[in-house]
Amino acid sequence: MIRALLAALGASMTLFPNRILRGYERIAFEDPSEATAKTWLPTAIRTEGVLYVVLAVVGGTAYGAFVRLVGVVGAVVACVPRRYLGWGGRLAYERSGELRWREGFVTAVRGLGTLLVVLAIRSVRQGKKADSENGAER
């Protein structure tokens, strides 16, 4: 189920990077009109989307490594969401110091980080359980 959601998210990002970006800005910033994304950002969103689709479809070791990475990033996001958003803002936006994050968005980002950690732990546990069951069949 998680892989199907990842594939759907990736497909959306691949096909509609500008819509994804505009939607994000409307949700994330107090005044979206102040947000000037760097010119490469839609291409980066599209590339990330392609990566998500590939990982979801291929699965295996690459997907497992991705899940672990997402869990680590989720832990950072859950612990320091403003710092994480500030870093991302500096990376992706012109005049990032002028951007103001919506307070509810910061809270939602913290919750998303926590969710990513939980999903990563669950996925790793399920993988270990499947490995041990497959080993018992031999």
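Residues numbered from 1 in each chain as written. Predicted model: local features only at pLDDT ≥ 70, side-chain atom pairs only at ≥ 80, totals over all residues. Heavy atoms only, no water.

Participant: Is there a simple way to think about a nonpolar patch on the surface in this case?
Facilitator: Residues Leu69, Val73, Val76, Val80 and Tyr84 make up a contiguous nonpolar surface patch of about 380 Å² in total accessible area. The element that contributes the greatest number of residues to the nonpolar patch is helix H4 (residues 60-79), accounting for 3 residues. (Patch = residues over 30% accessible without salt bridge, like charges linked within 9 Å, V, L, I, M, F, W, Y side chains within 5 Å. Areas by Shrake-Rupley, 256 points an atom, 1.4 Å probe, with all protein chains shown as cover. Salt bridge = Lys/Arg side-chain N within 4 Å of Asp/Glu carboxyl O. Helix = DSSP H or I, 4+ residues; strand = E, 2+ residues; numbered from the N terminus.)

Participant: Explain the pattern of salt bridges here, please?
Facilitator: As a working rule, side chains carrying opposite charge can pair if their charged atoms are close by. Within the structure shown, the criterion is met by 2 salt bridges. Taking the shortest distance from any N to any O, the salt bridge between Arg82 and Glu103 comes out at 2.3 Å. You can see Arg82 sitting in helix H5 (residues 81-92) and its partner Glu103 sitting in helix H6 (residues 103-137), a full 21 residues away along the chain. Note that Arg95 is salt-bridged to Glu98, the shortest N-O span being 3.3 Å.

Participant: What is the right way to read the packing of aromatic side chains from this model?
Facilitator: Two measures describe an aromatic ring pair: the distance that separates the ring centres and the angle between the ring planes. Considering all chains together, one arrives at 6 aromatic pairs under this definition. Measuring from ring centre to ring centre gives 5.3 Å for Phe29 and Tyr93, while their planes differ by 85°; the resulting arrangement is edge-to-face. Here Phe29 is found in the loop between helix H2 (17-28) and strand S1 (36-37), whereas its partner Tyr93 is found in strand S2 (residues 93-94), with 64 residues between them in sequence. Ring geometry for Tyr52 against Phe66: centres 5.6 Å apart, planes inclined by 55°, an arrangement best described as tilted. Placement of Tyr52 in helix H3 (residues 41-58) and of Phe66 in helix H4 is noted, with a sequence separation of 14 residues between them. Assigned by exposure class, Tyr52 and Phe66 land together as buried. (Phe/Tyr/Trp six-rings, centres within 6.5 Å; stacked < 30°, edge-to-face > 60°. Buried < 20%, exposed > 50% of the residue type's maximum accessible area, 1.4 Å probe, protein only.)

Participant: Just to check I follow, could you spell out the environment of Thr114 for this structure?
Facilitator: Relative to the elements of secondary structure, Thr114 occurs in helix H6. According to the relative accessible area criterion, Thr114 is partly exposed, its value standing at 41%. Taking the C-alpha atoms as reference points, Thr114 and Leu91, separated by 23 residues in sequence, lie 23 Å from one another. Non-local contacts of Thr114, meaning those with residues more than four positions away in its chain, are made with Gly74 and Ala78. (Contact = heavy atoms within 4.5 Å.)

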